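Below are the chains, spelled out letter by letter.
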Amino acid sequence: MDVSKEKNNLWIFGYGSLVWRPDFVYRSSKVGFIMGYKRRFWHGDDFHRGNKKRPGRVVTLVDDPENCTWGVAYEVSESQVESSLQSLHKREVELGGYRMKTVNFFPKDGKSPLLALVYIATSDNPSYLGPASDRDIAAQIAICRGNNGANIEYLLRLAEFMRLCCPEVEDEHLFSIEAAALNIFRGPEEMKSTSETPDAGSYMLNYILHSTS
């Protein structure tokens, strides 16, 4: 395959919190996908979205030759590569338990694929939680909170990104867990009337951010 890359620049692919909070300096970004993986809420987080007693659930990638995962690739200029990788190593490797891998990234705009770095947490990681039912994952997410906020915020922001930037993509795993989480949080009268609307996730996200700020 003819994979192109910008000379001296680095591309980093994010499929979880990096899609809305990269926290490093980048030159440009592209929405797109990588092939051969599926995104799953199978990794535990005892720092960013949970704690030692109640680890949150965050996404990782699982090998699946028939699947692809959508996200954002960020182009980092040569002068910013070292500082960006140091920041990501702290965030993703030391605190998250992820490992770095090189993948082919396919931009949504149809331009040539790019080589990109991605962070993946595998099943041999002590924080790896593995599969569970959508309802059980949602229930765990609903009660967890870490240094970066509520676990439910992480879930809803990811779902919101997919609807806004990849509306043609049906991420069944993500949206099923989102629906189960929204079901748990139904209760306040101001949410009942909107819980079945297409933008219920966005409404809930705004509700949570305002109620916990």
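Below: a short report on this structure.

Parameters at a glance
Residues numbered from 1 in each chain as written. Predicted model: local features only at pLDDT ≥ 70, side-chain atom pairs only at ≥ 80, totals over all residues. Heavy atoms only, no water. Buried < 20%, exposed > 50% of the residue type's maximum accessible area, 1.4 Å probe, protein only. Helix = DSSP H or I, 4+ residues; strand = E, 2+ residues; numbered from the N terminus. Pairing = 2+ DSSP bridges. Polar contact = N/O pair within 3.5 Å; in protein donor to acceptor, adjacent residues only side chain to side chain. Arc of directions from axis to C-beta. Contact = heavy atoms within 4.5 Å.

### Some details on the pairing of strand E5 (residues 114–120)
Of all 7 residues making up E5, 6 are buried, and the element is well covered by its neighbours. In this sheet, E5 lies alongside strand E4 (residues 99–107) in antiparallel orientation, the contact comprising 7 bridges. In the sheet register, Asn104 faces E5, and the bridge partner there is Leu115. Counting the residues that bridge the hairpin from E4 to E5 gives 6 residues, and of these Gly110 lies at a positive phi of roughly 85 degrees.

### Here we look at the pairing of strand E1 (residues 10–14)
With 5 of 5 residues buried, E1 is to be regarded as a mostly interior element. Burial along E1 is two-sided: the face carrying Leu10, Ile12 and Gly14 and the face carrying Trp11 and Phe13 are both buried. As judged from the 5 bridges shared by E1 and strand E3 (residues 56–76), these two strands associate in the antiparallel manner. By the bridge assignment, Leu10 is partnered in E3 with Val76.

### Thoughts on the environment of Asp109
Secondary-structure assignment places Asp109 in the loop between E4 and E5. The sequence separation of Asp109 and Gly32 amounts to 77 residues, and the corresponding C-alpha distance is 7.8 Å. Engagement of the side chain of Asp109 in a polar contact is seen with the side chain of Lys30, the distance being 3.5 Å. Among the polar contacts listed, one links the side chain of Asp109 to the backbone nitrogen of Lys111, at a separation of 3.0 Å.

### Considerations on helix H2 (residues 134–143)
Within the sequence span of H2, burial applies to Ile137, Ala138 and Ile141. Angular distribution of buried residues about the axis of H2 spans 100 degrees; they occupy a single face of the element. Opposite its buried face, H2 presents the exposed residues Arg135 and Asp136, each directed more than 90 degrees away. Residues of H2 that are buried sit in contact with strand E2 (28–45), E3, helix H3 (151–165) and helix H4 (172–185).

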